[in-house]
Amino acid sequence: MTKNIIEIKNLKKNYEKNEVLKDVSGEVKAGEVICIIGPSGSGKSTFLRCINQLEKPTAGSVKFNGEELTDKSSKDLSKLGQEIGMVFQNFNLFPNMTVIENLKLAPMKVKHLSSEDATKEGMKYLSRVGLAGKADAYPDSLSGGQKQRVAIARALAMNPQVMFFDEPTSALDPEMVGEVLNVMKELADEKMTMMVVTHEMGFAKKVADEVWFMADGYIQEKNTPAEIFNNPQEDRTKEFISKIIVD
């Protein structure tokens, strides 16, 4: 049986009196793609950030490969950063560095790769996302879709076990969305374990093994894409699905 890479139990996150995550649990198996959908403000991005400890949960447990993360030291958590690749909404590339320099930075700093080896690895992943020709370009000269593909290549250059995507297409012009989703679909086809917060319902329907619908600080429903989109069980899910268009 495939093992759980991530186990989340009774996760809560408060910002003073504002309860963003009220009681969230879930499991992610190796090779699974989990798409997290739901209305804006339902805690989806905070949920991802709490799993990889970019935000400190208020309560609850997160295990990665059986290891409890919520009480780890910052040194241990930097190791975790190598295992979970994170792709953000707004790319987070360093504008004063070329594309290949952006990709080399973490492997050299964290994994102590030589400049030559880091370049070789970086070029491999730039080719992987179709941007080998942009290695010496600066981020400002790239389109939004290209920037996001560079951000994906940068995360992959650390050889993570899991990839997290936090609304990776929401800052893109509509015609650029497809090029990023295609790269993500290829990763899913290669059995990369992925958690994806997304508004792209067509992608969730085609690529996810399981869809988690979040609203009001809870996961309201988890199921296969076919069940969530065609046969939702919970009233809150029905209400959400009735208002969206799915390809």
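What counts, and at which threshold
- Residues numbered from 1 in each chain as written.
- Predicted model: local features only at pLDDT ≥ 70, side-chain atom pairs only at ≥ 80, totals over all residues.
- Heavy atoms only, no water.
- Helix = DSSP H or I, 4+ residues; strand = E, 2+ residues; numbered from the N terminus.
- Buried < 20%, exposed > 50% of the residue type's maximum accessible area, 1.4 Å probe, protein only.
- Contact = heavy atoms within 4.5 Å.
- Areas by Shrake-Rupley, 256 points an atom, 1.4 Å probe, with all protein chains shown as cover.
- Lys, Arg positive; Asp, Glu negative; His and termini not counted.
- Charge placed at Lys NZ, Arg CZ, Asp CG, Glu CD.
- Core = buried A, V, L, I, M, F, W, Y, C linked by side-chain atoms within 4.5 Å.
- Pairing = 2+ DSSP bridges.
- Axes fitted to C-alpha atoms, helices over the stretch in contact; angles between N-to-C directions.
- Parallel < 35°, antiparallel > 145°, perpendicular 65-115°, else oblique.
- Left-handed = near helix turned anticlockwise from the far one by under 90°.
- Nonpolar A, V, L, I, M, F, W, Y, C, P; charged D, E, K, R; others polar.
- Polar contact = N/O pair within 3.5 Å; in protein donor to acceptor, adjacent residues only side chain to side chain.
- Phe/Tyr/Trp six-rings, centres within 6.5 Å; stacked < 30°, edge-to-face > 60°.
- Lys NZ or Arg CZ within 6 Å of the ring centre and 35° of its normal.

**Some details on the overall build of the protein**
Stage number 1. In terms of regular secondary structure, the protein is built from nine helices and ten strands.
Stage number 2. Referenced to the eigenvectors of the C-alpha coordinate spread, the extents of the protein come out at roughly 55 × 40 × 40 Å.
Stage number 3. When each of the 247 residues of the protein is scored for burial, the buried share is 50%.
Stage number 4. Counted over contacts in the protein with a minimum sequence separation of 6, partners at least 24 positions apart contribute 67%.
Stage number 5. Just so you have it, the protein exposes about 11700 Å², and 47% of that area is on carbon and sulfur atoms.
Stage number 6. If the 32 positive side-chain charges of the protein are averaged to one point and the 36 negative ones to another, these points end up 3 Å apart.

**Observations regarding the nonpolar core**
Stage number 1. Ranked by internal contacts, the top residues of the largest apolar core, which has 49 residues, are Ile37, Leu126, Ile152, Met163, Phe165, Met184 and Met194.
Stage number 2. Considering every element that reaches this core, the biggest residue donor is helix α6 (residues 174-189), with eight residues.
Stage number 3. When near neighbours in sequence (up to four residues on either side) are disregarded, Met194 contacts Glu32, Val33, Ile34, Met163, Phe165, Met184, Leu187 and Ala188.
Stage number 4. With 25 residues, the next largest nonpolar core counts Ile6, Ile8, Leu21 and Leu69 among its residues.

**So, the sheet that holds strand β2 (residues 18-29)**
Stage number 1. Read from one edge of the open sheet, four strands run β2-β1-β4-β5, paired in antiparallel fashion. Taken across any chain shown, the strands that pair with only one partner, and hence form the sheet edges, are β2 and β5 (67-68).
Stage number 2. Sheet analysis places strand β1 (residues 4-15) next to strand β4 (residues 59-64), joined by five bridges and oriented antiparallel. Across the sheet, residue Lys12 finds its bridge partner in β4, namely Ala59.

**Observations regarding the packing of helix α5 (residues 144-156) against α6**
Stage number 1. Close contact between α5 and α6 brings their axes to 7 Å; oriented N to C, the two are set at 20 degrees. Between α5 and α6, the interaxial angle falls into the category roughly parallel. Note on packing geometry: the crossing formed by α5 with α6 is right-handed. Facing Gly144, Gly145, Gln146, Gln148, Arg149, Ile152 and Leu156 of α5, the residues of α6 in contact are Met176, Glu179, Val180, Val183, Met184 and Leu187.
Stage number 2. Counted by class, the contact of α5 with α6 contains seven nonpolar, four polar and two charged residues.

**Structural notes on the side chain of Asn102**
Stage number 1. In this structure, Asn102 sits in helix α3 (residues 99-110).
Stage number 2. Relative accessible area serves as the criterion here: at 2%, Asn102 is assigned to the buried category.
Stage number 3. A distance of 2.8 Å separates a polar atom in the side chain of Asn102 from the backbone nitrogen of Phe94.
Stage number 4. For Asn102, the residues in contact, after removing those within four places along its chain, are Leu93, Phe94, Met97, Pro139 and Arg154.

**What to know about the packing of aromatic side chains**
Stage number 1. Tallied over the entire structure, the rule returns two aromatic pairs.
Stage number 2. On the numbers, 6.2 Å between centres and 40 degrees between planes, the contact of Phe47 with Trp212 is tilted. Within this pair, whereas Phe47 is found in helix α1 (residues 44-51), its partner Trp212 is found in strand β9 (residues 210-215), the two being separated by 165 residues in sequence.
Stage number 3. Given a relative accessible area of 0%, Phe47 falls into the buried group.
Stage number 4. Here Trp212 falls in the buried class, since its relative accessible area comes to 0%.
Stage number 5. Geometrically, the ring pair formed by Phe213 and Phe240 is tilted, given 5.0 Å between the ring centres and 35 degrees between the ring planes. Of the two residues, Phe213 sits in strand β9 while Phe240 sits in helix α9 (residues 235-242), which places them 27 residues apart along the sequence.
Stage number 6. Take Phe213: its relative accessible area is 0%, and that puts it in the buried class.
Stage number 7. The exposure class of Phe240 is buried, given its relative accessible area of 12%.
Stage number 8. Over the ring of Trp212 we find Lys222; its NZ or CZ atom is 5.0 Å from the centre of that ring.

**Notes on the sheet that holds strand β7 (residues 162-166)**
Stage number 1. An order of β6-β7-β8-β3-β9-β10 is seen for the six strands of this open sheet, with the pairing classed as mixed. Every interior strand has two partners, whereas the edge strands, β6 (84-87) and β10 (218-223), have only one. Sheet twist, expressed as the mean angle between neighbouring strand axes with direction ignored, is 15 degrees.
Stage number 2. Bridge count between strand β3 (residues 33-37) and strand β8 (residues 193-197): four bridges; the pairing is parallel.

**Some thoughts on the pairing of β2**
Successive residues of a regular strand alternate their side chains across the two faces of the sheet.
Stage number 1. Sheet topology places β1 next to β2; eight bridges connect them, and they run antiparallel. Note on β2: the bridge partner recorded for Asn14 is Glu19.
Stage number 2. The loop that links β1 with its antiparallel partner β2 comprises two residues; one of these, Glu16, has a positive phi angle of about 55 degrees.

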